[in-house]
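Read off the chains here:
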Protein chains: 2
Amino acid sequence: MSQTSAEIYQLTKKAAHLRGVIAALDWDKETFMPEGSHENRSHQLQIMAGLVHELVTGEEYKRALSKVIDLKTGKVKGKPSKEDEINFIRLREDFLRDTALPVKFVQESAKLVNDANVAWKKAREQNKFKLFEPYLDKIIKMNQKKAEYLGYKDHPYDALLNLYEPGMTTAELKKLFDPLKKSLKELVKKLKKKKPTLPFKTYSKEEQLALADDLLKRLPFDLNYGRLDISTHPFSTAQHPTDSRITTRLNPSDPLSNLLTTLHEAGHGLYEMGLDPKHFGTPLCEAISLGVHESQSRWWETRIGLSKPFWKGFTPVLQKHGILKGVKPDAIYEYVNYVEPSFIRVESDEVTYPLHVILRFEIEVELIEGKITAKQVPARWNQLMKELIGITPETDTLGCLQDVHWSIGAMGYFPTYLLGNLYAAQFFETFEKKHPDWQKRVEKLDFSFIVNWLKENIHQHGRKYTSKELIKKVTGKPFSPEPFISYINKKFIPS
Amino acid sequence: MSQTSAEIYQLTKKAAHLRGVIAALDWDKETFMPEGSHENRSHQLQIMAGLVHELVTGEEYKRALSKVIDLKTGKVKGKPSKEDEINFIRLREDFLRDTALPVKFVQESAKLVNDANVAWKKAREQNKFKLFEPYLDKIIKMNQKKAEYLGYKDHPYDALLNLYEPGMTTAELKKLFDPLKKSLKELVKKLKKKKPTLPFKTYSKEEQLALADDLLKRLPFDLNYGRLDISTHPFSTAQHPTDSRITTRLNPSDPLSNLLTTLHEAGHGLYEMGLDPKHFGTPLCEAISLGVHESQSRWWETRIGLSKPFWKGFTPVLQKHGILKGVKPDAIYEYVNYVEPSFIRVESDEVTYPLHVILRFEIEVELIEGKITAKQVPARWNQLMKELIGITPETDTLGCLQDVHWSIGAMGYFPTYLLGNLYAAQFFETFEKKHPDWQKRVEKLDFSFIVNWLKENIHQHGRKYTSKELIKKVTGKPFSPEPFISYINKKFIPS
């Protein structure tokens, strides 16, 4: 590290630690914070966010960054190492993004989003879309303006999408999602079977946490560098590769949902733990994108946790914990893999989940393009639900009011949920070639070779590659929906 | 609030919130943080401490404070309200303290203390005072220098003491402690009885926490604005009056120590909860001193938790939790009030505890005065132990190496532990006059009138008064050791 780069790295490291502090406060808010101190925590978080923003958009930061890269042209200065070079390029991308929005716009957006979220909660509770409509209208306009500030080449939605999935375009998504949509719509029609049941009892918090802990230790998800707790909405958050925490949600009468949630969040957590701490405070110790993050969670949840070998291996463990004694692994496999058109995205299965995401993507693009307005959202939603999944929600609460995302101003976020599944599937094809015996090993509850493969191929690189570059590097092929389509058809239409 | 005061209050409020964030990080570190992320947390804390220091000593702060008070003379500008006036005076005191130490001195001290703490741990483990001696020597010199930087009127130790107990002097402490020393030395000699035992079993973490929660709810210590958790060393920490957290330590074979620890920490926690949130971010929403803080913890631990009516009332609760069934309240009272000369301060009883503190106070004063050197500490320690408590520790680990305080650079801190007992005793005399039936009410497990009395008379004022002013205001008398001497003699030499 040269003298010049030391300056900018000192600032980025400070910013990374302040973000770590914010992560700690957010985690606490969702887990242990006393109910009555919400307002205090909001103030703390607002001040901390302000400090980070001031730091990474301030004059000192700009000067330090300008010493290593030309902010206008993106030309790197001097002769940095390969690693420094990629860091400088990414830092410039981030700086341009962080300084693109005028302070006044950011403040007004924050205020709008605050009010909109309150209105959305009320609208959802009372099933009155009208209460949310004026706010949604403003949020759409805010996002349209935001896209203009951020800039884009082809489509305003690209600018929003890139906040969460850098380098991805609306046109590419359409090309990826269209064949998928077609294939899944067909598949859904073919799957009509009775919902299986299992002889569950009621399970205490302690029993369920012991079970989840048992699973985590087998991966291993190293509890020396992480934790598992309970929260209303499961999430993962990392302050540093040495402090990566996850939460799960408990359903007293279904410990399997806790297990699959834990696996999902552990996938996120392992990604953060797998980043290289020696690069902490630089893009080389940051996750690539939300899509790649989701590929890790869906990998563990669906590719491992919903697989036959997993249940062959884990059913005896479950039974040692006093759960589902006497039940065959196949019955559990059938239960967790039951497919059924349903209204709620977060409760949906592997086959219909992508369709829920595509629906939101299509509506968002139409909104940003101005083809439809806030007012038309409920009707458009129901029309697409019918077309894609074959059912119509009876209320907006079960329809277009179900997700928090729009109410907090986020548009361009939803596609990353589906990209995660597609990335995971393409990575998995390569993984399977390298480890053709993976099923036998998973049956024996050996998971560490999987953790290692993911760390070596994905985690350790941080933001060295874009998501598309990483896919190409790991799999040798350009990004495509085919691996997912092939996997899902093979799994759900057994030959 | 005038336009001029708005400026300084905006900065003090920001500082208060940043201190709240530090409190949240410290709490997490001692409770739930994964072991492996200590280094990361140290970096976060260092950065946060730096931000607070920069804020409250920076030019912007100085300018804003100068608008409301003359920093040199202390003369308040304009015509502020009474509340603003006291805030400005306190803020100036804090500012002069915070800017008194040169940055280089602070940095060197931090480095020294870091190394000293490591050396102390090793010395204590191996019972080798020699390992710590050179560091203690430097720490004494550091404190002597610090006293010069901070300034004092009569005695350099005053400057150090005032960091923890503003307005108190070494001369006053001597006058307070001398009669106490004499009285307690006599009392210790008279108390020779056999150590009582109780038929304890082994109690799980869940059982002990349920018991402590039961007690907290009865005070009430409002769990909507606070928490109880477990840590190696019990502590209390508050981010805001709405977020005041405490911890306890569990001894599996003695749930009473958990109860008394919980009461002690709840006393601290209630003080912070009782501060007026409308003044948050100003001295009027800050605790007066460590001594007054300790008066609140000792109040609940000793004046309530070690009282006869408490055990009359709480023994049935204990027994409902399956603990000490069939045992009489008197037997429990005798057990928790057993007095015995012992080596370790934190394990000592109500009678000998003050003597442990006086010993440290006398050594510290001699060290700061240069009357003795680091090398002489073990001998001086053992001599004073013999003189005050009548026993001689066999090792330095059980003697002068037992406390962490010197290793972290803190001198002038110990006296506040004893001041807490004295303040509590004097407050209690007034409380007893107002509530002559307190024993009957405590027997019925009614505690809320006590919480309210403390809040009204002590907590709500924040730093409006100094500790001595508050004592005078509440009790109508100047601060004196007599109430404590009278209480302790009455309690331990029953007529």
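Note that the structure is predicted; figures quoted are calculated from it, not measured.

Draft legend 1. Local environment of the overall build of chain A. Assigned secondary structure in chain A consists of 20 helices and three strands. What you see for chain A is a C-alpha radius of gyration of 23 Å, in line with the 23 Å of a compact globule of 495 residues. Projected onto its principal axes, the C-alpha coordinates of chain A cover approximately 65 × 50 × 50 Å. Per-residue burial for chain A yields a buried fraction of 57% across its 495 residues. Of all intrachain contacts in chain A linking residues separated by at least 6 positions in sequence, the fraction that spans at least 24 positions is 71%.

Draft legend 2. Focus on the packing of helix α5 (residues 103–126) of chain B against helix α6 (residues 129–150) of chain B. All names here are of chain B. Axis separation between α5 and α6 bottoms out at 9 Å; the angle between their running directions is 150°. Our pair here, α5 against α6, has a crossing hand that is left-handed. Residue-level inspection shows Phe105, Ser109, Leu112, Val113, Asp115, Ala116, Ala119, Trp120, Lys122, Ala123 and Gln126 of α5 in contact with α6, the latter providing Leu131, Phe132, Tyr135, Lys138, Ile139, Met142, Lys145, Lys146 and Tyr149. Residues belonging to the contact of α5 with α6 are distributed by class as follows: 13 nonpolar, two polar and five charged.

Draft legend 3. Fine view of the pairing of strand β3 (residues 243–248) of chain B. Residues and elements named next belong to chain B. Counted residue by residue, β3 has six buried out of six residues, so it is predominantly covered. Along β3, one buried face is formed by Asp243, Arg245 and Thr247 and the opposite face, lined by Ser244, Ile246 and Thr248, is buried too. What sits between strand β2 (residues 236–240) and β3 in their antiparallel hairpin is a turn of two residues.

Draft legend 4. Fine view of the packing of aromatic side chains. As enumerated under the stated definition, the model contains 53 aromatic pairs over all chains in all. A ring pair is formed by Phe177 of chain B and Phe361 of chain B, whose centres lie 5.3 Å apart and whose planes are at 85°; its orientation type is edge-to-face. Within this pair, whereas Phe177 of chain B is found in helix α8 (residues 170–190), its partner Phe361 of chain B is found in helix α14 (residues 353–369), the two being separated by 184 residues in sequence. Following the ring pairs from residue to residue traces out a cluster consisting of Tyr164, Trp381, Trp406, Tyr413, Phe414 and Tyr417 of chain A. Against the face of Tyr353 of chain A rests Arg298 of chain A, its NZ or CZ located 4.6 Å from the ring centre.

Draft legend 5. Representation of the packing of α8 of chain B against α14 of chain B in the model. Residue and element names in this part refer to chain B. At their nearest, the axes of α8 and α14 sit 10 Å apart, and the two run at 140° to each other. As summarised for this structure, α8 and α14 are arranged oblique, according to the angle between their axes. Helix-helix and strand crossings are classified by hand; for α8 and α14 the assignment is left-handed. Judged by residue contacts, Thr170, Leu173, Lys174, Phe177, Leu180, Lys181, Leu184, Lys185 and Val188 of α8 engage Pro354, Leu355, Ile358, Phe361, Glu362, Val365 and Glu369 from α14. Classifying every residue of the contact of α8 with α14 gives 10 nonpolar, one polar and five charged.

Draft legend 6. Molecular detail of the interface of chain A and chain B. Between chain A and chain B, the contact holds 32 residues from the first and 32 residues from the second. Interface area for chain A against chain B, summed over the two sides, is near 2,700 Å², with a carbon-plus-sulfur share of 61%. Looking only at chain A, the three residues that lose the most surface to chain B are His17, Phe32 and Pro34 of chain A, adding up to 19% of its buried area. Counting the contacts that link chain A with chain B gives two salt bridges. Residue Asp28 of chain A is joined to Arg245 of chain B by a salt bridge in which the shortest nitrogen-to-oxygen separation is 2.7 Å. Inspection of the chain A/chain B interface yields 14 residue pairs in polar contact (both at pLDDT 80 or more). Taken together, the elements giving at least two residues each to the side of chain A that touches chain B come down to α1 (3–31), α2 (38–57), β1 (226–230), β2 (236–240) and β3 (243–248) of chain A.

Draft legend 7. Main features of the relation of the copies chain A and chain B. Placing chain A over chain B gives an RMSD of 0.0 Å and needs a rotation angle of 180°, together with 0.0 Å of translation along the axis. One copy is carried onto the other by what is essentially a two-fold rotation axis. When the interface residues of chain A are mapped onto chain B, 100% of them again lie at the interface, so the same face is used by both copies.

Draft legend 8. Local environment of the pattern of salt bridges. Tallying each qualifying case throughout the model produces 58 salt bridges over all chains. The salt bridge involving Asp214 of chain B is made with Arg218 of chain B; its shortest N-O contact spans 2.7 Å. Of the two residues, Asp214 of chain B and Arg218 of chain B are both situated in helix α9 (residues 205–218); the distance of four residues between them amounts to about one turn of the helix. Within this structure, Asp94, Arg97, Asp98, Glu286 and Arg463 of chain A form a network of salt bridges that share partners.

Draft legend 9. Examining the confidence of the model for chain A more closely. Considering every residue of chain A, the mean pLDDT works out to 96; 99% of them sit at 70 or more. Across the whole predicted complex the pTM is 0.95, and at the interface the ipTM reaches 0.94.

Draft legend 10. Fine view of the side chain of Gln296 of chain A. Residues and elements named next belong to chain A. If you trace the backbone, Gln296 turns up in helix α11 (residues 290–304). Residue classification places Gln296 among the buried positions, given a relative accessible area of 1%. Side-chain polar atoms of Gln296 contact the side chain of Ser295, separated by 3.0 Å. Gln296 has contacts with Gly267, Tyr271, Leu454, Ile458 and His459, leaving out every residue within four places of it along the chain.

Draft legend 11. Expanded view of the environment of Lys477 of chain B. All names here are of chain B. You can see Lys477 is positioned in the loop between α19 (467–475) and α20 (482–492). Separated by 134 residues in the primary sequence, Lys477 and Phe343 have C-alpha atoms spaced 35 Å apart. Setting aside residues up to four positions removed in sequence, Lys477 forms contacts with Gln426, Glu429, Lys433, Ile471 and Lys472.

Draft legend 12. Quick peek at a negative patch on the surface. Residues Glu206 and Glu207 of chain A together with Glu206 and Glu207 of chain B make up a contiguous surface patch of negative charge. Sorting the residues of the negative patch by element identifies α9 (205–218) of chain A together with α9 of chain B as the ones contributing at least two each. Position of Glu206 of chain A relative to the elements: it lies in helix α9. Relative accessible area serves as the criterion here: at 48%, Glu206 of chain A is assigned to the partly exposed category.

Draft legend 13. Seen up close, the nonpolar core. In terms of nonpolar packing, the biggest core is built from 123 residues, with Trp299 and Trp300 of chain B touching the most fellow members. Setting aside residues no more than four positions away along its own chain, Trp300 of chain B makes contact with Leu219, Leu263, Gly267, Leu270, Gly305, Phe447, Ile450, Val451 and Leu454 of chain B. By size, the runner-up hydrophobic cluster in this structure holds 121 residues, among which are Leu136, Trp438, Phe479 and Phe492 of chain A.

Draft legend 14. Inspection of helix α12 (residues 308–320) of chain A at higher detail. Residues and elements named next belong to chain A. The end-to-end C-alpha distance of α12, which contains 13 residues, comes to 19 Å, matching closely the 18 Å that a straight helix rising 1.5 Å per residue would cover. The axis of α12 is deflected most strongly, by about 40°, at Phe314, and proline Pro316 appears within four residues downstream. Listed in full, the buried residues belonging to α12 are Pro309, Phe310, Trp311, Gly313, Phe314, Thr315, Val317, Leu318 and Gln319. Here α12 starts with a cap whose side-chain oxygen sits 3.3 Å from the backbone nitrogen of Phe310, and that cap is Ser307. At the C-terminal side of α12, Gly322 shows a positive phi close to 80°.

Draft legend 15. A look at unusual backbone geometry. Residues and elements named next belong to chain A. Here the amide bond leading from Leu219 into Pro220 is cis, since omega sits at -5°, within 30 degrees of zero. Note that Pro220 resides in the loop between α9 and β1. A positive phi angle, near 55°, is found at Leu324, a position not held by glycine. Inspection of the secondary structure puts Leu324 in the loop between α12 and α13 (329–336). Despite not being glycine, Leu445 shows a phi value in the positive range, around 60°. Looking at where Leu445 falls in the secondary structure, it is placed in the loop between α17 (438–443) and α18 (448–457). Take Leu445: its relative accessible area is 15%, and that puts it in the buried class.

Criteria and cut-off values
Residues numbered from 1 in each chain as written. Chains lettered and ligands numbered in written order. Predicted model: local features only at pLDDT ≥ 70, side-chain atom pairs only at ≥ 80, totals over all residues. Heavy atoms only, no water. Helix = DSSP H or I, 4+ residues; strand = E, 2+ residues; numbered from the N terminus. Rg over C-alpha atoms; globule rule 2.2 N^0.38 Å. Buried < 20%, exposed > 50% of the residue type's maximum accessible area, 1.4 Å probe, protein only. Contact = heavy atoms within 4.5 Å. Axes fitted to C-alpha atoms, helices over the stretch in contact; angles between N-to-C directions. Left-handed = near helix turned anticlockwise from the far one by under 90°. Nonpolar A, V, L, I, M, F, W, Y, C, P; charged D, E, K, R; others polar. Pairing = 2+ DSSP bridges. Phe/Tyr/Trp six-rings, centres within 6.5 Å; stacked < 30°, edge-to-face > 60°. Lys NZ or Arg CZ within 6 Å of the ring centre and 35° of its normal. Parallel < 35°, antiparallel > 145°, perpendicular 65-115°, else oblique. Buried area = accessible area lost by both parts, 1.4 Å probe. Salt bridge = Lys/Arg side-chain N within 4 Å of Asp/Glu carboxyl O. Polar contact = N/O pair within 3.5 Å; in protein donor to acceptor, adjacent residues only side chain to side chain. Least-squares fit on C-alpha atoms with pLDDT ≥ 70 in both. pLDDT = per-residue confidence, 0-100. Patch = residues over 30% accessible without salt bridge, like charges linked within 9 Å, V, L, I, M, F, W, Y side chains within 5 Å. Areas by Shrake-Rupley, 256 points an atom, 1.4 Å probe, with all protein chains shown as cover. Lys, Arg positive; Asp, Glu negative; His and termini not counted. Charge placed at Lys NZ, Arg CZ, Asp CG, Glu CD. Core = buried A, V, L, I, M, F, W, Y, C linked by side-chain atoms within 4.5 Å. Expected span 1.5 Å × (residues − 1). Bend = angle between axes of the 7 residues up to and from the residue.

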